[in-house]
Amino acid sequence: MDPPSSAPATNPSESRAFRRWLKQASLATGLGLTPEERERYVEEQKHARCEKWKTELLSYSPPVVFMLKHLRLSGCAVPPSNIVCGSCDSTRSGGFHPSGAIVLCQGHFGGKRHMQDTLTHELIHMYDHCKFNVDWYNLRHHACSEIRANSLSGDCRFMREIGRGNASFSKQHQACVRRRAILSVRENPKCPDEAAAERAVNEVWESCFNDTRPFDEARVTTVPLVRRKS
Ligand SMILES: [Zn+2]
């Protein structure tokens, strides 16, 4: 008597389906995977989520759509293919390259809102690069763009600062912008030390903090401690 045709052991297509199912079960649970397979799987998941959020932000996020529009109007349109999800070291959430590319650090984002702030931040650098002929090795130029990007992107929203353990109310927004700008300028290869980064930020602070182009005014969503000079 012949074995039943549906027996898994003898039906090649069903045993393939079974192996596929087993693989999916291991991916979902992490069981039976080598550490490399597990790591690759986690990275693929992060990448897929980053790409999904990116697509949504490029279509629906008000600040991202706004910045893309102003970049286009300034003659520096940014195609979606120039915004890439990649893996970075754990200290970064994103990066901008003067050639016109932005990296979003997949896996760094706790939520789409955080990714929106990072993307907006990098688009502000791109806008500055497009409009103002920035020399990124000049610490004052770099400081100016960091002040604007941190102030205007939403990076320094009050709740996010609480998350970082910086809960002081007094001049909250400005302190956050200043601190983050100094950290970024410190990473500039031409920056010799922390004091030089601080000096560069202080020297351009007044004019750059108050320069909110292309936004009408800084979108400070916290207690309005920051008043624009009239
Ligand atoms: Zn920056």
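Relevant structure appears above.
Residues numbered from 1 in each chain as written. Predicted model: local features only at pLDDT ≥ 70, side-chain atom pairs only at ≥ 80, totals over all residues.

J.: Sorry if this is basic, but what is going on with the packing of helix α3 (residues 62-73) against helix α4 (residues 112-132) here?
T.: Between two packed helices, what matters for the description is the angle formed by their axes and the separation of those axes. Put simply, α3 and α4 touch, their axes get as near as 9 Å, and they point 15 degrees apart. Looking at the two axes, α3 sits roughly parallel to α4. Along this stretch, α3 crosses α4, giving a crossing that reads as left-handed. For the pair α3 and α4, the contacting residues are Pro63, Val64, Met67, Leu68, His70 and Leu71 in the first and Gln116, Leu119, Thr120, Leu123, Ile124, Met126, Tyr127 and Cys130 in the second. (Axes fitted to C-alpha atoms, helices over the stretch in contact; angles between N-to-C directions. Helix = DSSP H or I, 4+ residues; strand = E, 2+ residues; numbered from the N terminus. Parallel < 35°, antiparallel > 145°, perpendicular 65-115°, else oblique. Left-handed = near helix turned anticlockwise from the far one by under 90°. Contact = placed C-beta atoms within 7 Å.)

J.: Just to check I follow, could you spell out helix α8 (residues 194-209) for this structure?
T.: Every α-helix carries 3.6 residues per turn, so stepping three or four residues along brings you back to the same face. By the largest-angle criterion, Glu203 marks the main kink of α8, which is about 40 degrees. Residues of α8 that are buried include every one of Ala197, Ala200, Val201, Val204, Cys208 and Phe209, and no others. Packed against the buried residues of α8 are α5 (139-152) and α7 (172-186). (Bend = angle between axes of the 7 residues up to and from the residue. Buried ≥ 20, exposed ≤ 12 C-beta atoms within 10 Å, placed from the backbone.)

J.: What should I look at first to understand the pairing of strand β2 (residues 94-97) in this one?
T.: For a regular strand, side chains alternate in direction, first toward one face of the sheet and then toward the other. Burial along β2 is one-sided: Gly94 and Phe96 are buried, while Gly95 and His97, pointing the other way, are not. Pairing geometry for β2 and strand β3 (residues 101-105), over four bridges, is antiparallel. Bridged to Gly94 within β3 is Leu104. From the end of β2 to the start of β3, which pair antiparallel, there are three residues, and Gly100 there has a positive phi angle of about 110 degrees. (Pairing = 2+ DSSP bridges.)

J.: It is not clear to me how unusual backbone geometry should be interpreted in this structure. Could you clarify?
T.: Glycine aside, residues mostly have negative phi, and peptide bonds are mostly found in the trans state. Here the residue pair Arg213 and Pro214 is connected by a cis peptide bond, since its omega of -5 degrees sits within 30 degrees of zero. Its location among the elements puts Pro214 in the segment after α8. Unlike most non-glycine residues, Asn133 shows phi in positive territory, near 55 degrees. Structurally, the position occupied by Asn133 is in the loop between α4 and α5.

Read these as geometric descriptors, not functional statements.
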